[in-house]
Amino acid sequence: MAKINIKIEGIPYEVDEGMTILEAAKACGYEIPSLCTFNHGECNLGSCRVCLVEATGARGLVASCVYPVSEGMEVRISSPAATDARRESVELLLSNHNKNCQQCEKNEYCELLHVAKLTGARDDAFAGQHSKTFIDRLAPGLVRDTSKCILCGRCVARCQNAHGLGILGFENRGFNTIVSPAENRSFSDSPCIQCGQCVNVCPTGALMEHSEIELVDEAFKSGKHVIVQAAPAVRAALGEEFGYPVGTPVTGKMIAALRRLGFEKVYDVNFGADLTIMEEGTELLGRLQNGGTLPMITSCSPGWVNYAEYNYADLLPHLSSCKSPHEMQGAILKSYWAEQKGIDPKDIFVVSVMPCVAKKFERQREQLQVNGIPDVDAVITTRELAKMIKRSGIIFNRLPDEDWDQDIMGDYSGAAVIFGVTGGVMEAALRTVYFKLTGKEHEPITFTEVRGHDAGIREASIDINGTTVNVAIASGMRSAKVLLDEIKAGTSKYQFIEIMGCPGGCINGGGQPYIRPCFLPNEDDDIIDTYKEKRAKALYSEDERQTVRQSHNNPQITELYEKFLGEPNSHKAHELLHTTYAGREGFN
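The structure displayed is predicted, hence computed values, not measured ones.

Peer 1: Explanation requested: the overall build of the protein in the structure shown.
Peer 2: A count of helices and strands for the protein gives 19 helices and 20 strands. The C-alpha atoms of the protein give 25 Å as radius of gyration, which agrees with the globular expectation for 588 residues (25 Å, within 12%). Projected onto the principal axes, the alpha-carbon positions of the protein cover approximately 75 × 55 × 50 Å. Here the protein holds 588 residues, and the buried ones make up 59% of them.

And the structure:
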């Protein structure tokens, strides 16, 4: 990269050619107040004008997030003109903003409040009429509140960048402009996949997950047996809410916190992940050996399943019929577990802690009930769990490290842990499929060729007993679309495909802690580029620490089949652990 010479506040610096002023200033040790996650490329309109600076060669003040540096440029950040302009820009945003900060779900992580403090913005400096407010609470996963929207466009860009979708866009003009689905529809009346990626990048409380904390509170009051199960990606990120470095695994403290919150039993969804591999791996072998529909595509990501139902209904037979791990485990809790404990399934309330907003939509599917009883009764995100812990007065970092409840479904394999990473479901399945076809374990245990934390497409050819199995992995619907279009065109060379809704997999789910450099002072400047890798490392390291690393070697899974299910893909297994999908009328 070529270097150029600039000055900032009169001090000479050498920076990379092509940088914006905002990026160059950051590299030189200056933090210009801004509402940009500039190295995500998801706030590139320069419309908020919060990051204004003086620069030689420019006419007037410029938005540093979009203005490139040039040889010999001199930049003034702290001049009276620049500081006054930045303050007024924030004050203008506040003039049309619902400032109920105390009640806002994003209170600790509001970037607008952050820049208001940095710039010294005055309250009601520009008092006047507020634009009309629209609040959408109809969708199971998402809530939209236009009174808190600052029209930055980050959500619009994330939906497009991650999924190639245009669910959100700018509606109306001038003072009446809002960000919404087409024609200001509800998320529930649009082909939104409920992934929550828009929530992850929203700088204010304009977009949030639909909280189910109150459902859990009511369950505690009801006298039911309230059981909690946590997904693997949660342990890799929850610590961030309590000051731990990004990617610090906090499994033991999370378990201790869940017990102190009052849950009767605390289980790991990894048991359900091992169960999923047994069912999904057997299903794949059946398709390979009996001429079934290929390629088979994983079905544990509800955002991806939503996308398929909206956009590729003709390809639904390619999806595995397996329920997702937490739904499988919920079904077992309300059947086998209930039977063993002598409890009526109607008296069991299952709470899933998930990194995913789309799981809130998933749990309400009619297909995910057995005899009219839902497999899972409530879904809370990693962020919601953190709120519950904080309000309870628990000092998280002082908790002891405790272990999962071990009765009936306490064991899990390392293969289950890596479900939270893109490529993890594929690797877990390959470990078991290889054994089923060869009668021996793959050496080494890992299939590193399917690993990677970035969104995009990865592919590999695996030799299993002389048979080549071609596999592909994609996360984010923009990447998935390429593979799906190949299937439609009849040119797909794969037998097995893993698709996850969120770029990078569940570690980057729409319910995970926010990655905001301004609120992570102890992290490196490149944290926005490295956080997925750090969270993934936490899960891979736990896989390496496990004694059992293949799903078929989990002794409690073996016992479950011997005592209750019979065998993978049995009639009973299909009743409890498999489901169906259907195209969404009006969207295909």
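Peer 1: Just to check I follow, could you spell out helix H9 (residues 270–290) for this structure?
Peer 2: In an α-helix, one full turn covers 3.6 residues, which means residues spaced three or four apart are oriented alike. Between the first and last C-alpha of H9 there are 30 Å, a value that for 21 residues agrees with the 30 Å anticipated at 1.5 Å per step. In terms of burial, H9 is a largely internal element, 16 of the 21 residues being buried. A positive backbone phi angle near 75° is found at Gly291, which sits one or two residues after H9.

Peer 1: Sorry if this is basic, but what is going on with the side chain of Lys360 here?
Peer 2: Turning to its location among the elements, Lys360 is positioned in helix H12 (residues 358–362). What makes Lys360 buried here is its relative accessible area of 0%. One polar contact links the side chain of Lys360 to the main-chain carbonyl oxygen of Val379, over a distance of 2.9 Å. Dropping the residues within four chain positions of it, Lys360 is found in contact with Pro140, Gly141, Glu209, His210, Ser211, Glu212, Val379, Ile380, Thr381 and Glu384.

Peer 1: Got a minute to help me understand the sheet that holds strand S10 (residues 207–209) in this structure?
Peer 2: Through backbone hydrogen bonds, the strands of a sheet pair up, either in parallel or in antiparallel fashion. Strand order in the open sheet made by the three strands is S6-S7-S10, with antiparallel pairing throughout. Of all the strands in the sheet, the pair left with one neighbour each is strand S6 (135–136) and S10.

Peer 1: Would you mind showing me how to read the packing of helix H6 (residues 213–222) against helix H13 (residues 382–391) here?
Peer 2: Two quantities define a packed helix pair, namely the angle between the axes and the distance from one axis to the other. Closest axis-to-axis distance for the H6/H13 pair is 10 Å, and the angle between their directions is 55°. Relative to H13, the element H6 lies oblique. Residue-level contacts link Ile213, Val216 and Asp217 of H6 to Glu384, Lys387, Met388 and Arg391 of H13. Of the residues contributing to the contact of H6 with H13, the split by class is three nonpolar, no polar and four charged.

Peer 1: What's the story with the packing of aromatic side chains in this structure? I'm lost.
Peer 2: For any pair of aromatic rings, the description consists of the separation of the ring centres together with the inter-plane angle of the planes. Applying the stated rule across the entire model yields eight aromatic pairs. Considering the side-chain rings of Phe220 and Phe263, the 5.1 Å spacing of their centres and the 55° angle between planes classify their relative orientation as tilted. Highlighted residues: Phe220 in helix H6 and Phe263 in the loop between helix H8 (251–260) and strand S12 (265–268), separated in sequence by 43 residues. Note on Tyr307 and Tyr312: the rings are 5.9 Å apart at their centroids and 40° apart in plane angle, and the pair reads as tilted. Here Tyr307 matches Tyr312 in class, with each residue buried.

Peer 1: What am I meant to see in the nonpolar core here?
Peer 2: Note that soluble globular proteins tend to have their nonpolar side chains buried in a common cluster. If you look at the biggest cluster of nonpolar residues, it comprises 74 residues, and the most contacted ones within it are Leu238 and Ile332. Ranked by residues supplied to this core, first place goes to helix H11 (residues 325–341) with seven residues. Ile332 has contacts with Leu275, Trp337, Met409, Leu560, Phe564, Leu565, Leu576 and Leu577, leaving out every residue within four places of it along the chain.

Peer 1: Can you walk me through the environment of Arg137 in this structure?
Peer 2: Relative to the assigned elements, Arg137 resides in the loop between S6 and strand S7 (142–145). Sequence-wise, Arg137 and Ala25 are 112 residues apart; in three dimensions their C-alpha atoms are separated by 40 Å. In this view, Arg137 contacts Val143 and His210; residues no more than four positions away in its chain are not counted.

Peer 1: Sorry if this is basic, but what is going on with the sheet that holds strand S17 (residues 378–381) here?
Peer 2: Read across the open sheet, the four strands follow the order S12-S11-S14-S17; overall the sheet is parallel. Since the sheet does not close on itself, it has two edges, and those belong to S12 and S17, each with one partner. Strand-to-strand twist across the sheet, computed as the mean angle between neighbouring axes with direction ignored, equals 25°. As defined by bridge partners, strand S11 (residues 225–230) adjoins strand S14 (residues 348–354) across six bridges and the pair is classed as parallel. Considered in S14, the bridge of Val226 is made with Phe349. Across the sheet, H6 is in contact with S11, S14 and S17; its angle to S17 comes to roughly 130°. In this fold H13 packs onto S14 and S17, with an angle of close to 85° to the strand it touches most, S17.

Basis of the calculations
- Residues numbered from 1 in each chain as written.
- Predicted model: local features only at pLDDT ≥ 70, side-chain atom pairs only at ≥ 80, totals over all residues.
- Heavy atoms only, no water.
- Helix = DSSP H or I, 4+ residues; strand = E, 2+ residues; numbered from the N terminus.
- Rg over C-alpha atoms; globule rule 2.2 N^0.38 Å.
- Buried < 20%, exposed > 50% of the residue type's maximum accessible area, 1.4 Å probe, protein only.
- Expected span 1.5 Å × (residues − 1).
- Polar contact = N/O pair within 3.5 Å; in protein donor to acceptor, adjacent residues only side chain to side chain.
- Contact = heavy atoms within 4.5 Å.
- Pairing = 2+ DSSP bridges.
- Axes fitted to C-alpha atoms, helices over the stretch in contact; angles between N-to-C directions.
- Parallel < 35°, antiparallel > 145°, perpendicular 65-115°, else oblique.
- Nonpolar A, V, L, I, M, F, W, Y, C, P; charged D, E, K, R; others polar.
- Phe/Tyr/Trp six-rings, centres within 6.5 Å; stacked < 30°, edge-to-face > 60°.
- Core = buried A, V, L, I, M, F, W, Y, C linked by side-chain atoms within 4.5 Å.

These values are about where atoms sit, not about what they do.
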